[in-house]
Amino acid sequence: MNQASANKNLNFKWVVKNLPWWVSLLVILFAIGGSFEGVINGYAFGQITAIATNGVKNIWLFVGRFTMIYFFIYTSLYLFIRVQNSAVKYLNIALKKALIQNAFLTSYSEKDTNKVLNQITADAKQIEQRYFSSLAMLMQSAFAAIASAFFVLKINFVLAIISMIFAALSILPSIFGGAMLDKASLKWSNANKSYLGRLKEILAGVDIIKNYQAEKQILKSTNNKLVGSENDYESLNNKQFLFQYFAWLLAVVSMIGPLAFGLYFRQVGLFNVTISTIITLLSSSSSVVSNLRSAIQYFSAIKATHASRQAIIPNAETHDQSSAASLPSKPELTIKDLAFAYKNHAILDDVSLSLPYGEKLLLSGDSGTGKSTFLNLLTNKLLAQKGSITLGQQQIRANDYAYITQQNWVFDASVRDNLTLDQDFSDQQLVESLKEVNLDQELGNDPLGYQCGEEGKNLSGGQKQRLSIARALLRKRPLLLLDEITAALDDRNSERLRNIIYQLPQTIIEIAHHYNDQQIAENQVLHVQLRAGKIVKVLG
């Protein structure tokens, strides 16, 4: 199967691209095989008169022949459902892989978690049921309608044309109701995302809500969002079935109309219409109508997913984050005339700085002075409005630095898995990285196999920070960016962690509010602050 690609829209082209060719072929073949159910029913009913007039000797031939045909048709229908389930499986995998992949391809933040989770659960399930499955069933219904139509045309061309003209009336509701279904689908999707976002916020703040005894008020506002979301979902379904209701009424007209014409033609002796012809056409034309009605139902379901599908796979491309050329072994960080403003407020104003490889810099200062903005510019999360930033005379790429914050990401697995992130490293390399942060002797006889627990609950705060640093050292990143990594540690563990950091060979830029002036001086750390958009050296 092809790798799920980042198409802007999840459409039929995307479906074809992400299905194995043999699955697509089998779906088509078995759909065609099962499409003759309505044809054979009409033909069998039409032969009743002929059997009655030709004698008993043809009965067993009739029964045997039609038994084999029915066996073939219903076996095809069964295999169609089996292959359809396989197709849905492949498409679900491709869709969910693409959704997860987009978290890495786009600018991602904690608040976007709601969107991704909602897409993987609610939106993906709706697309599975109303788009993937409906596409297959729409195709099967279309094949059955076409097969029935050809059969009807062969029986009596004039009466068949009349039947199909009446049958075409069933399509009108879907033509005129598409825009309304799109609007209703978008409204429900937005309401559902809003409700899930609210729910996540509440679950994260349960203790605070209970402490202030605000459960009643919070639950009331949350329930309002829930009711609103469910009302929108009900409205979407009601609109969909409203159009189906009109389609059903028109289907009745499309069945009664040809019957009236057939009886009239028989009465006046036009177009060689016989009772047998009318019986056959009624049964077969009802197959045309029923399959058209089913096709309309599936088409309506597909249209209802338009808003959900339109941007569920954003137009994101994978960029090569490796450096354009190999960095020098000891690259120098150079910042020249860097400027950045937000809403006409200058945050950085012509900042210039040069750090030789291995230099340690501490950036401190009051909140809101631009420290985090400075790091975001270094990592290209923000683009400078003026000036340049280079490492080894090259633009900084994602694999040139390691960005470590106080929010350590440690998942429920071994130390080995948390270090490698499923990449290939030898155990010797892993142990060496643990030694560099003095973590090799603290986790028992098998530190690499030590289980970190959910969110790293089996590690102390300092151990989690050192594990994050070891993860960066393992990948030989020449630049370490540390954002308040000691904020959650006590003074003793903060000093211990900094003693380890300051012995590392890499260039290090640390943002911190709390630090030990003596420790900074002893390790010859360059201490600067941001003041009025300028970098000012702090004298020890």
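Residues numbered from 1 in each chain as written. Predicted model: local features only at pLDDT ≥ 70, side-chain atom pairs only at ≥ 80, totals over all residues. Heavy atoms only, no water.

Draft legend 1. The overall build of the chain, seen in detail. In terms of regular secondary structure, the chain is built from 18 helices and 10 strands. Residues classed as buried in the chain amount to 44% of the 540 residues present. Counted over contacts in the chain with a minimum sequence separation of 6, partners at least 24 positions apart contribute 78%. For the chain, the accessible surface area stands at approximately 29100 Å², while carbon and sulfur atoms represent 57% of it. (Helix = DSSP H or I, 4+ residues; strand = E, 2+ residues; numbered from the N terminus. Buried < 20%, exposed > 50% of the residue type's maximum accessible area, 1.4 Å probe, protein only. Contact = heavy atoms within 4.5 Å. Areas by Shrake-Rupley, 256 points an atom, 1.4 Å probe, with all protein chains shown as cover.)

Draft legend 2. The layout of surface pockets, seen in detail. In this structure, the second largest pocket spans a volume of roughly 280 Å³. Along its surface, the second largest pocket is lined by 15 residues, and F12, V15, L19, V27 and M139 are the ones closest to its centre. Put simply, the parts of the chain that give the lining of the second largest pocket at least two residues each are α1 (12–17), α2 (21–34), α5 (59–105) and α6 (113–155). Taken together, the residues that form the lining of the second largest pocket break down as 13 nonpolar, two polar and no charged. (1 Å grid on protein atoms, 1.4 Å probe; cavity = no way out; pocket = protein on both sides within 12 Å on 5 of 7 lines; lining within 4 Å. Points joined across faces, edges and corners; volume = space filled by probe spheres on them. Nonpolar A, V, L, I, M, F, W, Y, C, P; charged D, E, K, R; others polar.)

Draft legend 3. A look at empty space enclosed by the protein. Taken as a whole and judged by the stated rule, the model has one cavity of 30 Å³ or more. Along its surface, the largest cavity is lined by L159, S163, P258, L259, G262, I278, L281, L282 and S285. At the level of secondary structure, the elements contributing two or more residues to the lining of the largest cavity comprise α7 (157–167), α10 (215–268) and α11 (275–304). Tallying contributions element by element places α11 first for the lining of the largest cavity, with four residues.

Draft legend 4. The sheet that holds strand β4 (residues 386–391), seen in detail. The sheet built from four strands is open, its strands ordered β2-β1-β4-β5 with antiparallel pairing. The sheet terminates laterally at β2 (345–355) and β5 (394–395), the two strands that pair on one side only. Across seven bridges, the pairing between strand β1 (residues 333–342) and β2 is antiparallel. For T334, the partnering residue across the bridge sits in β2 and is S354. Sitting on the sheet, helix α13 (residues 371–378) touches β1, β2 and β4, and the angle it makes with β1 is about 120 degrees. (Pairing = 2+ DSSP bridges. Axes fitted to C-alpha atoms, helices over the stretch in contact; angles between N-to-C directions.)

Draft legend 5. Just the pattern of salt bridges, in detail. The final tally for this structure, using the stated rule, is nine salt bridges. One salt bridge in this structure joins D232 and K187, with 3.7 Å as the shortest N-O distance. With D232 in helix α10 and K187 in helix α8 (residues 172–204), this pair connects stretches of sequence that are 45 residues apart. D232 gets classed as buried once you look at its relative accessible area, which sits at 14%. Exposure remark for K187: the relative accessible area of 52% places this residue in the exposed category. Between R498 and E510 there is a salt bridge, with the nearest N and O atoms lying 2.8 Å from each other. With R498 in helix α17 (residues 491–501) and E510 in strand β8 (residues 507–511), this pair connects stretches of sequence that are 12 residues apart. Residues participating in the shared-partner salt-bridge network are E442, R466 and R496. (Salt bridge = Lys/Arg side-chain N within 4 Å of Asp/Glu carboxyl O.)

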